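Letter by letter, the chains look like this.
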Amino acid sequence: MNQEFRKIARDGLWDNNIVFSQSIGLCPLLAVTGTATNGLGMGLATAAVMVVCNVLISHGRALIPPEIRIPIFVVLIAMVVTLVDMVMNAWLHEMHKVLGLFIPLIVTNCAILGRVEAFASRRPLAQSAADGLMMGLGFTLALVVLGAAREIVGAGTLFADAALLMGDSFAWLETVVIDPYRGFLLMALPPGGFLMLGFILAGKKLIDRRLAARQQRAMPIGDSLAENS
Amino acid sequence: MSIDQARLREIAADRWQSLRRQFDDLDTLRQRLDYQTYVLAAAALLASVLLGVGDLATKGSIERRQAEDLLATLEQVLPSGLYDNDLLRDSGTVADTGEQGLGVVPVYVARKGGAVTAVAFKLSAKGGYSGPIALVMGVSADGVVLGTRVVAHAETPGLGDKIERNKSDWITFFDGRSLENTSPERWRVKKDGGDFDQFAGATITPRAVVGGVQAGLKFFQRHRDELLSPR
């Protein structure tokens, strides 16, 4: 049981990360990762929607016939996103003013449909909720890493305007990395997002290869032979 | 009578049992076309009902928040000493036709003791880097900018968004400007030979805002009598 959840966490955060491994959900990714702060906000909002959608669909999975599952998923996801938008606008208005731009973008994230289809529609409730959370956090991680990289290269700052998103208690996050810096416009614009994502994906592959090589070396020869055959 | 009732109960129990059996056997049921239709319809109905309920529950609150936002912006562009009326109530629209016209402009009138001291209005500046930029500006009765704020835009975060007051004080450099004290060729960014700074890496955005504020003042000039007449 515990091992299962550990695998879900590992999958969501690293092994099967939505962005770094599955390379999906790139539309909102490239749109909002101009700064690390925006990436964080979008990531957390997406994670919340993923958990709710996974729970809803895992709960009703016995009732949903496979032939019509996709339209049902689409309707439910769109509903959840719209509800989140309305509720935030009404009761978390300050946060909505900052994040509001991104909320409707969540609908365009095929990763949510992907997780619902690949995981929640065939697994029990607790696992599905955990999967939604971990995949969402993995997505947040990717957005923050990409946002931070683009922000540092593009504007020389890190977590600029974090206080606007999360309140003044987070003002310490705002740092100036390179000062003075004239800015590198390309990185702030969407093409820069593609470029930086390419570098990060390459970096992830490199780390994975190193890890695999180290594991191979650590294994006794007999085991590694059995693994290869 | 009592026999009939017993019989009825028996029939009902029978129906219930057969219904239960169908539900126990979800796999067969799920393959039936009519069941699929019902499930899809039920999902759509559920979504519509929840959205309707959500809308009802949040509508009033959202409207209040938006009114508060608007009032907060108006208070930033109109100095508080200038008015003693309810700005949101004292509002209307002015139709600005013509080639350079701004269309239908929402106007909020500031009065002190009944006399009009200033007006605030919303307009959208054309020529932004990614679409129009929505501005609110306050103009005193003699045509001087009291304050300007950007209320909505889609400019590049980190570059063009310095037009927001909470990111830079650039937008306050319009205060005190008028068409009289700044000639048409000075109503430009410095790069184009005017008075207003551009940002490093972003010239198009400030250019659009400068143009928008100037257009706002021209609108005020065109409709001065209409705007200042006590309604």
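Residues numbered from 1 in each chain as written. Chains lettered and ligands numbered in written order. Predicted model: local features only at pLDDT ≥ 70, side-chain atom pairs only at ≥ 80, totals over all residues. Heavy atoms only, no water.

1. So, the overall build of chain B
Here comes step 1: For chain B, the count of helices and strands is five helices and five strands.
Here comes step 2: When the elements of chain B are put in sequence order from the N terminus, they spell out α-α-α-β-β-β-β-β-α-α.
Here comes step 3: Computed over C-alpha atoms, the radius of gyration of chain B comes to 30 Å, more than 25% over the 17 Å expected from 2.2 N^0.38 for 231 residues, which places it beyond the range of a compact globule.
Here comes step 4: Here the C-alpha coordinates of chain B stretch approximately 100 × 45 × 35 Å along the principal axes.
Here comes step 5: When burial is assessed residue by residue, chain B has 38% of its 231 residues classed as buried.
Here comes step 6: Long-range pairs, those at least 24 residues apart, make up 47% of the contacts in chain B with a sequence separation of at least 6. (Helix = DSSP H or I, 4+ residues; strand = E, 2+ residues; numbered from the N terminus. Rg over C-alpha atoms; globule rule 2.2 N^0.38 Å. Buried < 20%, exposed > 50% of the residue type's maximum accessible area, 1.4 Å probe, protein only. Contact = heavy atoms within 4.5 Å.)

2. Side note on the sheet that holds strand E2 (residues 103-112) of chain B
Residue and element names in this part refer to chain B.
Here comes step 1: The sheet built from five strands is open, its strands ordered E1-E2-E3-E4-E5 with antiparallel pairing. Pairing within the sheet leaves two strands with one partner each, and these edge strands are strand E1 (91-96) and strand E5 (145-152). Each strand of the sheet is rotated relative to its neighbour by a mean of 25°, with strand direction disregarded.
Here comes step 2: Relative to E2, E1 runs antiparallel, the two being bridged by six bridges. The residue bridging Val 94 from the neighbouring strand is Val 105, located in E2.
Here comes step 3: Sheet strands touched by helix H3 (residues 33-77): E2, strand E3 (115-125), strand E4 (133-140) and E5. Its angle to E5, the strand with the most contacts, is close to 150°.
Here comes step 4: Sheet strands in contact with helix H4 (residues 204-222) are E1, E2, E3, E4 and E5, and its direction is about 45° off that of E4. (Pairing = 2+ DSSP bridges. Axes fitted to C-alpha atoms, helices over the stretch in contact; angles between N-to-C directions.)

3. Structural notes on the interface of chain B and chain A
Here comes step 1: With 29 residues of chain B in contact, the opposing surface of chain A contributes 28 residues.
Here comes step 2: Per-residue buried area on chain B facing chain A is highest for B:Arg30, B:Gln36 and B:Leu51; these three make up 19% of the total on that side.
Here comes step 3: For the pair chain B and chain A, the interface holds zero salt bridges.
Here comes step 4: Across the contact surface, chain B and chain A share five residue pairs in polar contact (both at pLDDT 80 or more).
Here comes step 5: Of all the elements in the fold, those that place two or more residues in the side of chain B that touches chain A are helix H2 (26-31) and H3 of chain B.
Here comes step 6: Here the residues of the side of chain B that touches chain A sort into 16 nonpolar, eight polar and five charged. (Buried area = accessible area lost by both parts, 1.4 Å probe. Salt bridge = Lys/Arg side-chain N within 4 Å of Asp/Glu carboxyl O. Polar contact = N/O pair within 3.5 Å; in protein donor to acceptor, adjacent residues only side chain to side chain. Nonpolar A, V, L, I, M, F, W, Y, C, P; charged D, E, K, R; others polar.)

4. Some thoughts on helix H1 (residues 2-15) of chain A
Residue and element names in this part refer to chain A.
Here comes step 1: Within H1 the residues assigned to the buried category are Ile 8, Ala 9 and Gly 12. All buried residues of H1 project into a common sector of 95° when viewed along the axis, lining one side. Those residues of H1 that are exposed and aimed more than 90 degrees away from the buried face are Gln 3, Arg 6, Lys 7 and Arg 10.
Here comes step 2: Turning to H1, the residues buried within the fold contact helix H7 (125-155). (Arc of directions from axis to C-beta.)

5. A few points about the nonpolar core
Here comes step 1: One finds A:Ile18, A:Val19, A:Val49, A:Cys53, A:Ile72, A:Ile106 and A:Ile112 to be the most contacted residues of the largest nonpolar core, which totals 47 residues.
Here comes step 2: Those elements that provide at least two residues to this core are helix H2 (26-32), helix H3 (36-59), helix H4 (69-91), helix H6 (110-118), H7 and helix H10 (190-218) of chain A together with H2 and H3 of chain B.
Here comes step 3: If one sorts the elements of this core by residue count, H4(A) sits on top with 10 residues.
Here comes step 4: Residue contacts for A:Ile72: discarding those within four places in its chain leaves A:Ile64, B:Val39, B:Leu40 and B:Ala43.
Here comes step 5: One finds B:Val145, B:Leu179, B:Ala208 and B:Leu217 within the second-largest nonpolar core, a separate group that totals 35 residues. (Core = buried A, V, L, I, M, F, W, Y, C linked by side-chain atoms within 4.5 Å.)

6. Some points on the side chain of B:Asp161
All names here are of chain B.
Here comes step 1: In this structure, Asp 161 sits in the loop between E5 and H4.
Here comes step 2: At 3.2 Å, the side chain of Asp 161 and the side chain of Lys 167 are in polar contact.
Here comes step 3: When residues no more than four places from it in sequence are discounted, the contact partners of Asp 161 are His 153, Glu 155, Thr 156 and Lys 167.

7. Re the side chain of B:Ser61
Here comes step 1: Along the chain, the position of B:Ser61 falls in helix H3.
Here comes step 2: The contact partners of B:Ser61, leaving out residues within four places of it in the chain, are A:Ala90 and A:Trp91.

8. What to know about unusual backbone geometry
Here comes step 1: Of note in the backbone geometry, A:Ser23 takes a positive phi value of approximately 50° without being a glycine.
Here comes step 2: Tracing the backbone shows A:Ser23 in the loop between H1 and H2.

9. Notes on the packing of H4(A) against H3(B)
Here comes step 1: Between H4(A) and H3(B), whose axes approach to 8 Å, the crossing angle comes to 15°. Judged by the inter-axis angle, H4(A) sits roughly parallel to H3(B). Handedness of the H4(A)/H3(B) crossing: left-handed.
Here comes step 2: Along the lines of polarity and charge, the residues of the contact of H4(A) with H3(B) split into 20 nonpolar, six polar and two charged. (Parallel < 35°, antiparallel > 145°, perpendicular 65-115°, else oblique. Left-handed = near helix turned anticlockwise from the far one by under 90°.)

10. A look at the confidence of the model for chain B
Residues and elements named next belong to chain B.
Here comes step 1: Summary statistics for chain B give a mean pLDDT of 87 and a share of 96% for residues scoring 70 or more.
Here comes step 2: By mean pLDDT, H2 is the weakest element of chain B at 74, and E4 is the strongest at 93.
Here comes step 3: Confidence metrics for the complex model read pTM 0.74 and ipTM 0.74. (pLDDT = per-residue confidence, 0-100.)

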